[in-house]
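Single-letter residue listing:
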Amino acid sequence: MDAKTKGAWLVHHTQKLQQVTGVHEFDNIYAAGKAAILLSALSASEQTSLPRKRVEVLAKAANINTLELPKLLELLEGRSLVEVSKIGVDVLGVTTSKVVQHATDVYEDLGPSPSENAALEFSELTSQAPLRQKETHSYLGDKCKLSSGQTTSLLEQAEQVGFVDFEDLGGDKVYFNGNLFRREDLAKTQGVLNSLTPEEQKHVAEAEDLLKRCGCVSLAEVTKILGVKLLEKL
């Protein structure tokens, strides 16, 4: 995923983390997201040189406390995005549109863990299509170099924090982005899939494999594999 997309997920995940307690496995995501939120507040001001009191007011409005502020300014200064002095903060040519990209730079500088990278990857994947728990577990473990236990823990924490939405369809969890996919559609889809005969499931698997390998296929090719009735059902 590109830097802009990753930065957007960093801010999203940080906002979710602010709503829970007792989760400390995503500290680098949280720090980078908070830094982006602070940078956005500072760069949105009409002033490029902000007195200390103004910085504190903007930080408070962005839900950044007095203990977090010095560390976040240090992170931003390390990327030459701001310059901190005793009297205030100078914002060094930062535009609001670039904030999420800077968030990614800060995040990479912090040396994120494989689980943190997997949390971002997880959300991006579920924004492309709903995913079953088993295939999600296998993919994230392989892609992000996580052990089976680490992957299981990540999925549980993602559910707890709200990084993704999920639905338990008769013991088979499906993860998805609730802003893009409607919950009721998942149950309908599951109903159709459960109704397939073993022979139909075989044809569906063949069509899916072809699509994954080729990226796109013609309607005629798919119809040849599935048949008209099964294609309409799907």
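For the structure itself, consult the block above.
Scope of this entry: the structure provided in the associated data block. (Residues numbered from 1 in each chain as written. Predicted model: local features only at pLDDT ≥ 70, side-chain atom pairs only at ≥ 80, totals over all residues. Heavy atoms only, no water.)

### So, the pattern of salt bridges
Moving on, step 1. This structure, assessed with the given rule, holds 9 salt bridges.
Moving on, step 2. Note that glutamate 108 and lysine 6 form a salt bridge whose closest N and O atoms lie 3.0 Å from each other. Remark: lysine 6 occurs in helix 1 (residues 3-17) and glutamate 108 occurs in helix 5 (residues 99-109); sequence separation between them is 102 residues.
Moving on, step 3. According to the relative accessible area criterion, glutamate 108 is partly exposed, its value standing at 39%. (Salt bridge = Lys/Arg side-chain N within 4 Å of Asp/Glu carboxyl O. Helix = DSSP H or I, 4+ residues; strand = E, 2+ residues; numbered from the N terminus. Buried < 20%, exposed > 50% of the residue type's maximum accessible area, 1.4 Å probe, protein only.)

### Side note on helix 4 (residues 68-78)
Moving on, step 1. Residues of helix 4 that are buried: Glu68, Leu69, Leu72, Leu73, Leu75 and Leu76. Each buried residue of helix 4 lies within a common arc of 155° when the element is viewed along its axis, so the set occupies one face. Of the exposed residues in helix 4, the ones pointing more than 90 degrees away from its buried face are Glu74 and Gly78.
Moving on, step 2. Buried residues along helix 4 sit against helix 2 (27-43), helix 3 (52-61), strand 2 (82-84), strand 3 (88-91) and helix 5. (Arc of directions from axis to C-beta. Contact = heavy atoms within 4.5 Å.)

### Looking at the side chain of threonine 151
Moving on, step 1. Relative to the elements of secondary structure, threonine 151 occurs in helix 8 (residues 148-161).
Moving on, step 2. At 2.9 Å, the side chain of threonine 151 and the backbone oxygen of serine 147 are in polar contact.
Moving on, step 3. Non-local contacts of threonine 151, meaning those with residues more than four positions away in its chain, are made with His137, Leu140, Gly141 and Leu146. (Polar contact = N/O pair within 3.5 Å; in protein donor to acceptor, adjacent residues only side chain to side chain.)

### Considerations on the nonpolar core
Moving on, step 1. Judged by nonpolar contacts, the single largest core of 53 residues is most densely connected at Phe26, Ile29, Leu38, Leu42 and Phe163.
Moving on, step 2. Those elements that place two or more of their residues in this core are helix 1, helix 2, helix 3, helix 4, strand 3, helix 5, helix 6 (114-128) and helix 8.
Moving on, step 3. Broken down by element, this core gets its largest block of residues, 10 residues, from helix 2.
Moving on, step 4. Residue contacts for isoleucine 29: discarding those within four places in its chain leaves Leu10, His13, Thr14, Leu17, Tyr107, Glu116, Ala119 and Leu120.
Moving on, step 5. Ranked by size, the runner-up nonpolar core spans 8 residues in total, among them Val204, Leu210, Ile225 and Leu226. (Core = buried A, V, L, I, M, F, W, Y, C linked by side-chain atoms within 4.5 Å.)

### Observations concerning helix 11 (residues 219-226)
Moving on, step 1. Taken as a whole, helix 11 has its buried residues at Val222, Ile225 and Leu226. The arc that holds the buried residues of helix 11, viewed along the axis, is 85°, so those residues lie on one side. Residues of helix 11 that are exposed and point more than 90 degrees away from the buried face comprise Ala220 and Lys224.
Moving on, step 2. Buried-residue contacts for helix 11 involve helix 10 (198-214) and helix 12 (228-233).
Moving on, step 3. In the segment just after helix 11, glycine 227 is the residue with positive phi, at about 85°.

### Quick notes on unusual backbone geometry
Moving on, step 1. Despite not being glycine, asparagine 63 has its phi angle at roughly 65°, a positive value.
Moving on, step 2. Located in the positive-phi region is lysine 145, a residue other than glycine, with phi close to 60°.
Moving on, step 3. Assignment of secondary structure puts lysine 145 in the loop between helix 7 (133-143) and helix 8.

### Re the sheet that holds strand 4 (residues 131-132)
Moving on, step 1. Taken together, 3 strands build an open sheet; the order of strands is 4-6-5 and the sheet is antiparallel. Across the chains shown, the open sheet's two edge strands, defined by having one partner strand only, are strand 4 and strand 5 (165-169).
Moving on, step 2. Relative to strand 6 (residues 172-176), strand 4 runs antiparallel, the two being bridged by 2 bridges. Residue pairing for strand 6: arginine 132 is matched across the bridge by valine 174. (Pairing = 2+ DSSP bridges.)

### Quick look at the packing of helix 2 against helix 6
Moving on, step 1. Between helix 2 and helix 6, the least distance of the axes is 8 Å, while the angle of their chain directions is 60°. Seen from helix 2, the contacting residues are Asp27, Asn28 and Ile29; seen from helix 6, they are Glu116, Ala119 and Leu120.
Moving on, step 2. A breakdown of the residues in the contact of helix 2 with helix 6 according to their chemical character gives 3 nonpolar, 1 polar and 2 charged. (Axes fitted to C-alpha atoms, helices over the stretch in contact; angles between N-to-C directions. Nonpolar A, V, L, I, M, F, W, Y, C, P; charged D, E, K, R; others polar.)

### Some remarks on the packing of aromatic side chains
Moving on, step 1. Within this structure, the stated rule accounts for 3 aromatic pairs.
Moving on, step 2. Residues phenylalanine 122 and tyrosine 175 carry aromatic rings whose centres are separated by 5.1 Å and whose planes lie at 80° to one another, so their mutual orientation is edge-to-face. Placement of phenylalanine 122 in helix 6 and of tyrosine 175 in strand 6 is noted, with a sequence separation of 53 residues between them.
Moving on, step 3. In this structure phenylalanine 122 comes out as buried when scored by relative accessible area, which is 0%.
Moving on, step 4. For the pair phenylalanine 166 and tyrosine 175, a centre-to-centre distance of 6.4 Å together with 55° between the ring planes defines the contact as tilted.
Moving on, step 5. Three or more aromatic residues joined by ring pairs form one cluster here, namely Phe122, Phe166 and Tyr175. (Phe/Tyr/Trp six-rings, centres within 6.5 Å; stacked < 30°, edge-to-face > 60°.)

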